[in-house]
Amino acid sequence: VVDLEDFARTNISKANKIISNNANGNKVVDLYNTINSPKYIKGDVVNCDYDPHPNDAGHAAIAAKFIAAMKSGK
């Protein structure tokens, strides 16, 4: 049996490192740690009845993270 949460967490972490290492001076905003919460995902995560995409609060959190990154210059 594959632990999908562990599998996703491991591979998202690997992908994020590859992206950051190849950004070539471009800004990279870590959204995984921003929206990795049931309150930001569509549906009911606890009962496995969900769409793994951001809900309105998740999109607002993403926008806030991008705006903060643009304002900081980092």
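Report on the accompanying structure. Because the structure is predicted, anything quoted here is derived from the model rather than measured.

## Re the overall build of the chain
Right, so step 1: Summing up its helical and strand segments, the chain has three helices and two strands in all.
Right, so step 2: Walking the chain from its N terminus toward its C terminus, one meets helices and strands in the order α-α-β-β-α.
Right, so step 3: Relative to the globule expectation of 11 Å for 74 residues, the C-alpha radius of gyration of the chain, 14 Å, shows a markedly less compact shape.
Right, so step 4: If you line up the chain on its principal axes, its C-alpha atoms span 40 × 30 × 10 Å.
Right, so step 5: Looking at the chain residue by residue over its 74 residues, the buried ones come to 16%.
Right, so step 6: If you take every contact in the chain between residues at least 6 apart in sequence, the share linking residues at least 24 apart comes to 31%.
Right, so step 7: Per element, the accessible surface of the chain, about 5900 Å² overall, is 57% carbon and sulfur.
Right, so step 8: Side-chain charges in the chain split into 9 positive and 8 negative, and the spacing between the mean points of these groups amounts to 15 Å.

## Describing the environment of Asp 30
Right, so step 1: Mapped onto the elements of the fold, Asp 30 is located in the loop between helix H1 (4–21) and helix H2 (32–35).
Right, so step 2: Along the primary structure Asp 30 and Ile 62 are separated by 32 residues, whereas in three dimensions their C-alpha atoms are 9.4 Å apart.
Right, so step 3: Every residue in contact with Asp 30, bar those within four places of it in the chain, is listed here: Asn 16 and Lys 65.
Right, so step 4: In terms of polar contacts, Asp 30 uses its side chain to reach the backbone amide nitrogen of Tyr 32, at 3.1 Å.
Right, so step 5: Side-chain polar atoms of Asp 30 contact the side chain of Asn 33, separated by 2.7 Å.

## Some thoughts on the layout of surface pockets
Right, so step 1: In this structure, the largest pocket encloses a volume near 600 Å³.
Right, so step 2: For the largest pocket, the lining is made up of 17 residues, of which Ala 8, Tyr 32, Asn 36, Ile 41 and Tyr 50 are closest to its centre.
Right, so step 3: Of all the secondary-structure elements, those providing two or more residues to the lining of the largest pocket are H1, H2 and strand S2 (49–54).
Right, so step 4: Ranked by residues supplied to the lining of the largest pocket, first place goes to H1 with five residues.
Right, so step 5: In terms of residue class, the lining of the largest pocket is built from twelve nonpolar, three polar and two charged.

Parameters and conventions
Residues numbered from 1 in each chain as written. Predicted model: local features only at pLDDT ≥ 70, side-chain atom pairs only at ≥ 80, totals over all residues. Heavy atoms only, no water. Helix = DSSP H or I, 4+ residues; strand = E, 2+ residues; numbered from the N terminus. Rg over C-alpha atoms; globule rule 2.2 N^0.38 Å. Buried < 20%, exposed > 50% of the residue type's maximum accessible area, 1.4 Å probe, protein only. Contact = heavy atoms within 4.5 Å. Areas by Shrake-Rupley, 256 points an atom, 1.4 Å probe, with all protein chains shown as cover. Lys, Arg positive; Asp, Glu negative; His and termini not counted. Charge placed at Lys NZ, Arg CZ, Asp CG, Glu CD. Polar contact = N/O pair within 3.5 Å; in protein donor to acceptor, adjacent residues only side chain to side chain. 1 Å grid on protein atoms, 1.4 Å probe; cavity = no way out; pocket = protein on both sides within 12 Å on 5 of 7 lines; lining within 4 Å. Points joined across faces, edges and corners; volume = space filled by probe spheres on them. Nonpolar A, V, L, I, M, F, W, Y, C, P; charged D, E, K, R; others polar.

Bear in mind that shape data such as this cannot, by itself, settle questions of function.
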